[in-house]
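# Analysis of the macromolecular model
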Amino acid sequence: EKFTSVTEQYFGKKFQPIAPLPEFEFKSYLGWNDQGDGKLWYGVHVQNGRLRGDLKKALRLVIERYELPVRLTAQQDLLLCDVDPKWKDDIHQTLKNAGLKDLDDIEPNDQLSMACPALPLCGLAITEAERGLPDINKRLRAVMETVGLTKSDDIMIRMTGCPNGCARPYMAELGFVGDGPNSYQIWLGGTRNLTGISRAYEDKVKVDDLETFFEPIFAYWKQNRNSGEEFGQFVNRVPFEEIKAFAESYVPGQLVSTERLPRVMVERAALDKLIKYAEENNTTLTAAATKAIMDL
């Protein structure tokens, strides 16, 4: 308030009240979209912001052929704007022939992920990012499928080769921050709409250990998530200590799907107590019920 008061004195008049803002929503802007003036824009996915080979040549070809304005997104993608609908087929086929994937064919985690250049271009980098993330995304997807997650269960992933955070890993649902050769500090808990900050979960996680490290985390998300709960929302709701306790007792490859477990009925009064306990201790109903039974 003091800062506002002093600033208003210099400004010469009172500031207007802060206008309410709508909840921010993250949008990729990829694929074909109606521009609103009779024309279209085409969002081109550029993995980690790096264009190469035939696709780079094809993009230049269609941009020059139709004199298209180009916009860069904060997600390192390109928007080809002011596209006349009659140009659409030629542009789409030209880019597809050069290797551009249709939106439905792009791995969901790749659509959301981003990395800084890191090695060999950045003198501050201590490990890989841009060159390493595509393969790591494939490995993470394989782990997710191992525990029963599907492609609709996507995660916003960011990776940097050092702690400076140029690819904004500290806002991602899952952040890799280089802390040594082939080693990363893992950050969890950013929000999909990029309005929250993640927290450091583990240090010195080696690239070769990613499958064994992430399988119990993804398995716990699969077992204990609320309906439609995204990964970032889950790791913000469930304490890290609870996730780590599950990981310590987890046996890789032996996850039992909760859908196949027998169901147990409880009295309403018992359920109400479980719900109250879970809310007071910021935990899940599954964890609360498990603790109650194990403490017998």
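Computed from a predicted structure; not experimentally measured. (Residues numbered from 1 in each chain as written. Predicted model: local features only at pLDDT ≥ 70, side-chain atom pairs only at ≥ 80, totals over all residues. Heavy atoms only, no water.)

## Notes on the overall build of the protein chain
When helices and strands are counted, the protein chain shows 10 helices and 9 strands. When each of the 296 residues of the protein chain is scored for burial, the buried share is 43%. Contacts spanning at least 24 positions in sequence make up 56% of the contacts within the protein chain whose residues lie at least 6 apart. Positive and negative charge centroids in the protein chain, built from 37 and 44 side chains respectively, lie 3 Å apart. (Helix = DSSP H or I, 4+ residues; strand = E, 2+ residues; numbered from the N terminus. Buried < 20%, exposed > 50% of the residue type's maximum accessible area, 1.4 Å probe, protein only. Contact = heavy atoms within 4.5 Å. Lys, Arg positive; Asp, Glu negative; His and termini not counted. Charge placed at Lys NZ, Arg CZ, Asp CG, Glu CD.)

## Some points on helix 6 (residues 210–224)
Given a rise of 1.5 Å per residue, 15 residues ought to cover 21 Å, and the 21 Å separating the end C-alpha atoms of helix 6 matches this to within 8%. Among the 15 residues in helix 6, 11 count as buried, and that is most of the element. Buried residues of helix 6: L210, F213, F214, E215, P216, I217, F218, A219, Y220, W221 and N224, and no others. (Expected span 1.5 Å × (residues − 1).)

## Side note on unusual backbone geometry
Put simply, L119 and P120 share a cis peptide bond, and its omega is 0°. Residue position: P120 is located in the loop between strand 5 (114–115) and helix 5 (133–146). For N48, which is not a glycine, the phi torsion comes out positive at approximately 55°. With respect to the helices and strands, the residue N48 is situated in the loop between strand 2 (40–44) and helix 2 (53–66). For A118, which is not glycine, the phi dihedral falls at a positive 50°. Along the chain, A118 turns up in the loop between strand 5 and helix 5. Given a relative accessible area of 1%, A118 falls into the buried group.

## Section: the packing of aromatic side chains
In the structure shown here, the tally under the stated rule is 16 aromatic pairs. Aromatic side chains Y170 and W187 sit 4.7 Å apart centroid to centroid with 70° between the ring planes, which places their arrangement in the edge-to-face category. You can see Y170 sitting in the loop between strand 6 (157–160) and strand 7 (174–180) and its partner W187 sitting in strand 8 (residues 183–188), a full 17 residues away along the chain. Look at Y170 and you get partly exposed, because its relative accessible area is 21%. A centroid spacing of 5.1 Å and a plane angle of 70° characterise the contact between W221 and F231, whose relative ring orientation is edge-to-face. Of this pair, W221 sits in helix 6 while F231 sits in helix 7 (residues 231–237), and the two are 10 residues apart along the sequence. Each member of the pair, W221 together with F231, is buried. A connected cluster of aromatic rings, assembled from ring pairs, spans F176, Y184, Y201, F213, F214, F218, W221, F231 and F240. (Phe/Tyr/Trp six-rings, centres within 6.5 Å; stacked < 30°, edge-to-face > 60°.)

## Quick word on helix 2
Taking 1.5 Å per residue as the helical rise, helix 2 with its 14 residues ought to reach 20 Å, and the 21 Å between its terminal C-alpha atoms agrees with that figure. Among the residues making up helix 2, those that are buried are L55, A58, L59, V62 and Y66. Mapping the buried residues of helix 2 onto a view down its axis gives an arc of 100°, with all of them on the same face. Along helix 2, the residues that are exposed and aim more than 90 degrees away from the buried face are K56, K57, R60 and E64. Taken from the residues just after helix 2, E67 is the one with a positive phi, measuring 50°. (Arc of directions from axis to C-beta.)

## Structural notes on the sheet that holds strand 7
Within a beta sheet, neighbouring strands are joined by backbone hydrogen bonds and run either parallel or antiparallel to one another. Taken in spatial order, the 5 strands line up as 5-6-7-8-9 in an open sheet, and their pairing is mixed. Taken across any chain shown, the strands that pair with only one partner, and hence form the sheet edges, are strand 5 and strand 9 (199–206). Both strand 5 and strand 6 contribute to a ladder of 2 bridges, which runs parallel. Bridging from a neighbouring strand, M114 pairs with R158 of strand 6. Here helix 6 sits on the sheet in contact with strand 7, strand 8 and strand 9, set at roughly 150° to strand 9. (Pairing = 2+ DSSP bridges. Axes fitted to C-alpha atoms, helices over the stretch in contact; angles between N-to-C directions.)

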